[in-house]
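Residue-level structure breakdown
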Amino acid sequence: MAPAEILSGKIVSAQVRERLKKQVVEMKEKFPGFRPGLAILQVGNRDDSNLYINMKLKAAAEIGISANHIKLPNTATEAEVLKCIASLNGDPAVHGFIVQLPLDSDKPINTEKITNAVAPEKDVDGLSSINAGKLSRGDLGDCFIPCTPKGCMELIRQTGIQVAGKRAVVVGRSKIVGAPMHDLLLWNHATVTTCHSKTSTLAEEVGKADILVVAAGKAEMVKGEWIKPGAIVIDCGINHVPDSTKASGKRVVGDVAYSTAKEKASYITPVPGGVGPMTVAMLMQSTVESAQRFLEKFQPGKWNIQYNQLTLKVPVPSDIEISQSCIPKPIDQVAKEVGLLPDEVELYGQTKAKVHLSALKRLKNQPDGKYIVVTGITPTPLGEGKSTTTVGLVQALGAHLHQNVFACVRQPSQGPTFGIKGGAAGGGYCQVIPMEEFNLHLTGDIHAITAANNLVAAAVDARIFHELTQTDQALYNRLVPSVNGVRKFSDIQIRRLQKLGINKTDPTALTKEEVNLFVRLDIDPGTITWQRVLDTNDRFLRKITIGQSPTEKGFSRMAQFDITVSSEIMAVLALSDGLDDMKKRLGRMVVASSKRGEPVTTDDLGVTGALAVLMKDAVKPNLMQTLEGTPVFVHAGPFANIAHGNSSVLADKIALKLVGKEGFVVTEAGFGADIGMEKFFNIKCRYSGLRPHVVVLVATVRALKMHGGGPAVTAGVPLPKEYMEENLQLLAKGCSNLNKQIQNARMFGVPVVVAVNAFKTDTKAELALVVQLAKEAGAFEAVECTHWAEGGKGAVALAQAVQRASQTPSNFRFLYNVELPVIDKIRLIAQQIYGASDIELLPEAQEKVSVYTKQGFGNLPICMAKTHLSLSHDPEQKGAPTGFILPIRDIRASVGAGFLYPLVGTMSTMPGLPTRPCFYDIDLDPASGEVNGLF
């Protein structure tokens, strides 16, 4: 018979690579920006491994696969290798992942444990027990097949001979070739016999084979005369035998005696150039197949998320009953669903986690989603439900319209939680859960701010004390001590010297005058603006005397405690865009002025680095979820009066990347649109560089009636009939406030959707009137919402309106240029946003304008500290008052956060407890561990 046809692995593998290259191009065209990803993990530095890896990297580059070679040193431990594998398992950009064997480590490593640690859906080498088990069961469409057997099958297919019904013999039973080759042939319907070193009738068995695959690892073990005439012979062996004619003194042969076998076989693979080239090609093919499976399951930018089904009850139970009746998803599952990697998530129990800022760096090239801000009409004691609407909207967009959506909300202070207001997790069937975790300690961010703030306060008074009681030289010796005979400045002291214009680094080189400048901050106690803080409502700390102990040597002064969320450090946290930016902002915070009128900063105090250490974890956003399973970032909670009242820039930025181009990020601005929204635009968006797409303005019939002149309400007393019965005249009059707030939003060039948060006492005519007047005032759309009672289902119409509005052009613009004089910026806000005819600066405010301008702070944005209960400075003036003069009592600076805040009237920064605080109803069930009584 004629000699066998040669099955050239070089030719077939080239055809495979060309086919794969076209498939990758098609993927990229269909999903722009997408590339199949292959990770190769190597331990050690074996020459043969380096050679094989380079072949794989070259093939990947040729096909268009993004290949990443991760090389660990030969000192790597098993734990370090497993940690690296876990990271690659969680990386959505990696579709194929192999561990290069053998592992070249000085440490004992269990190879089986390592290969089984690779996620089965990425195990393109097919070496894990799960993939091996699926192959043995015949689940060929749901597993990866080891590359050499897969390449052998591809070569067999090239012959055009049907495998089904043929008798196949496999010589060798290794886990990598022999055993999977047996299974692969079996499930392609061949009758398979496996032979091995203990097979006594090897020649006889080989002679029965229509298809012979040899992977015994023994040079030319199978003789030509054993082979059945016309058989297909696949030789997987690579062996070296002596050959004096070769320069190396040896040549490569297979496990089959090639020269005699080719005379009997119909097809045969050469060695080299047969199976070898196919192995790399099949690795590439499996990687592309894995990427295709990924695309089928996870379309880029589209989350595969599990939503919780609500069981709605009538009447609606208490908030905490609803919260505790819902079983939250494990928070690591939520993280995985939204595309976060395992090493980007720091778990705090089962229901909350911190997200590392490395996620933002990884996602930096991803397009941002749509940015939505929820605000409201001017608040009343009757409530508008902004938080509830924020949660309802994201539940509607996610669980009902199947859009990628994130809520970004503020962390509430514990003070009001135990005081009179209660929690801030939303309400009814629109909550962040678990609400007790949300409303209490969460992950300790507020405690970190308390510690950092009070460290600054302690540093201020300690510095004054030490300067009062020591000479220049004594101060210098203590500030720059000799350690083991060496004196040197710390980095922060070098910065202070540079600020003073002293360009010296040798502590012994300073003159007496320079030592004096360096050691004397010379703080004027009367100018100290930095207060101690506590996250508890405590009216008796509003004014205190410190320094009463005899050890303070008569240095005492009047001081006060503020509530923690009013600390400038909270505002710094909310406006920072990274650790480095936060550290710089912390260092710029001004705590007082010197007796020469110069600002004294935390950097001057030498405390900046310590503050950054205390805040290093707080800067990471907190991940939670809503009742319906949509993701939520809870991060930062600055006051909305003396600060800007918005959650963190970092949370928004990470969320916008995670949701992708077609997704939505919904954030909430504190108080009414005249305060929280204005600051969101003029301060937060100015610093973040983010541009909003839609404003959602929340209103209620009851609150609008109060703005129309409805009677005052008293806690614990039934509502007056005006709020319980239809009154279209009162409602129409109150819509003046809604009209003005719509105008305020449109002033920034952003479309407005009005959410009319419906109550059961509202009539159809009343709801229709609000919708009508909102549209006449220029709203893009106005929608009735019932999300409090129905969850996301009750906000679907709102979500659809937001989707439509987000498609319209957003011509966003700031209200003012920060280069304008301070007074002009204040006047613009007062006249354009509040409706004032003009402003009046009291003497103290006029002096501060001069001081801050002189100190170089005149170009900061303005953060008005005004009552939230009216557009004017008078909380009793409801509706939309005009023509009033806005009095500016004082102006203060949050230089680290980056704004000046004019005080309109008196601002309380430490709430008090009422006669009957919320804590009367809060309790712990010792048997179940459940918290009761929160709302």
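Before reading further, recall that the structure is shown in the block above.
Residues numbered from 1 in each chain as written. Predicted model: local features only at pLDDT ≥ 70, side-chain atom pairs only at ≥ 80, totals over all residues. Heavy atoms only, no water.

1. Thoughts on the overall build of the protein chain
For the record, the criterion: Here a strand is any run of E in DSSP of at least two residues, a helix any run of H or I of at least four, and the numbering for each starts at the N terminus. Exposed residues in this analysis have more than 50% of their type's maximum accessible area, buried residues have under 20%, and partly exposed residues fall in between, with area computed by a 1.4 Å probe over protein chains only. By the convention used here, residues are in contact when the closest approach between their heavy atoms is within 4.5 Å. The method behind every accessible area is Shrake-Rupley, applied with a 1.4 Å probe, and residues are considered shielded solely by the protein chains displayed.
Along the backbone of the protein chain there are 34 helices and 37 strands. Taken along its principal axes, the extent of the C-alpha atoms in the protein chain is 110 × 85 × 55 Å. Taking all 935 residues of the protein chain together, the buried fraction comes to 55%. Contacts in the protein chain between residues at least 24 apart in sequence constitute 74% of all its contacts with a sequence separation of at least 6. Carbon and sulfur atoms provide 53% of the accessible area of the protein chain, an area that totals close to 38,800 Å².

2. Some points on the sheet that holds strand β3 (residues 66-72)
Under the convention used in this document: In this scheme, strands are said to pair when DSSP sees at least two bridges between them. Structural elements are reduced to axes, namely lines fitted to C-alpha atoms, with helices fitted over the stretch in contact, and the angle between N-to-C directions of any two is expressed from 0 to 180 degrees.
If you trace the three strands from one edge of the open sheet to the other, you get β3-β2-β4, paired in parallel fashion. Two strands close off the open sheet at either side, each with one partner strand: β3 and β4 (96-99). For this sheet, the mean inter-axis angle between neighbouring strands, taken without regard to orientation, is 15°. As judged from the four bridges shared by strand β2 (residues 37-43) and β4, these two strands associate in the parallel manner. Bridge pairing in β4 links leucine 41 to valine 99. Each of β2, β3 and β4 touches helix α2 (residues 47-63); the most contacted strand, β2, lies at about 170° to it.

3. What to know about the pairing of strand β9 (residues 239-242)
In β9, alternate side chains face the same way, and those of Asn239 and Val241 are buried while those of His240 and Pro242 on the opposite face are not. For β9 and strand β10 (residues 250-253), the ladder comprises four bridges, and the chain directions are antiparallel. Across the sheet, residue valine 241 finds its bridge partner in β10, namely arginine 251.

4. Focus on the pairing of strand β24 (residues 590-593)
Walk down a regular strand and you will see the side chains alternate between the two sheet faces. Bridge count for β24 against strand β25 (residues 599-601) is three bridges, and the pairing is antiparallel. Bridging across to β25, valine 590 finds its partner in threonine 601. Joining the antiparallel neighbours β24 and β25 is a turn of five residues, in which glycine 597 adopts a positive phi near 85°.

5. Observations regarding the side chain of threonine 608
What counts is decided by this rule: The definition of a polar contact used here is a pair of N or O atoms within 3.5 Å, where within protein one atom must be able to donate a hydrogen and the other to accept one, and adjacent residues in sequence count solely through side-chain atom pairs.
Its location among the elements puts threonine 608 in helix α24 (residues 608-615). Within the structure, the side chain of threonine 608 is placed 2.6 Å from the side chain of aspartate 603, a separation counted as a polar contact.

6. Topic: helix α26 (residues 673-688)
The condition that has to hold: One fewer than the residue count of a helix, multiplied by 1.5 Å, yields its expected span. Bend angle per residue: angle between axes fitted to the 7 residues ending at that residue and the 7 residues starting there.
Look at α26: only 19 Å from first C-alpha to last across 16 residues, short of the 22 Å you get at 1.5 Å a residue. Where α26 bends most, the angle comes to about 35°, and this point is phenylalanine 680. Within α26, 14 of the 16 residues are buried, leaving the element largely enclosed by the surrounding structure. After α26 finishes, the residue glycine 689 shows a positive phi value of roughly 80°.

7. Quick word on the sheet that holds strand β11 (residues 267-268)
Here we have six strands laid out as an open sheet, ordered β1-β11-β8-β7-β5-β6, and parallel in their pairing. Edge positions in the open sheet fall to β1 (5-6) and β6 (191-195), since each of these has one partner strand only. One ladder, built from five bridges, connects strand β5 (residues 167-171) with β6; its direction is parallel. By the bridge assignment, alanine 168 is partnered in β6 with valine 192.

8. Some details on the side chain of asparagine 89
With respect to the helices and strands, the residue asparagine 89 is situated in helix α3 (residues 78-90). In this structure the side chain of asparagine 89 is engaged in a polar contact, spanning 2.9 Å, whose partner is the backbone nitrogen of alanine 119. Setting aside its immediate chain neighbours within four residues, asparagine 89 contacts Phe97, Ala117, Val118, Ala119 and Lys122.

9. Re unusual backbone geometry
Among all residues save glycine, negative phi is the norm, and among peptide bonds the norm is trans. Here valine 314 and proline 315 are connected by a cis peptide whose omega angle stands at -5°. Assignment of secondary structure puts proline 315 in the loop between α10 (275-297) and α11 (319-325). Here lysine 553, not a glycine, exhibits a phi torsion of approximately 55°, which is positive. Here lysine 553 is to be found in the loop between β21 (544-546) and β22 (557-559).

Interpretation in functional terms is not warranted from these geometric data alone.
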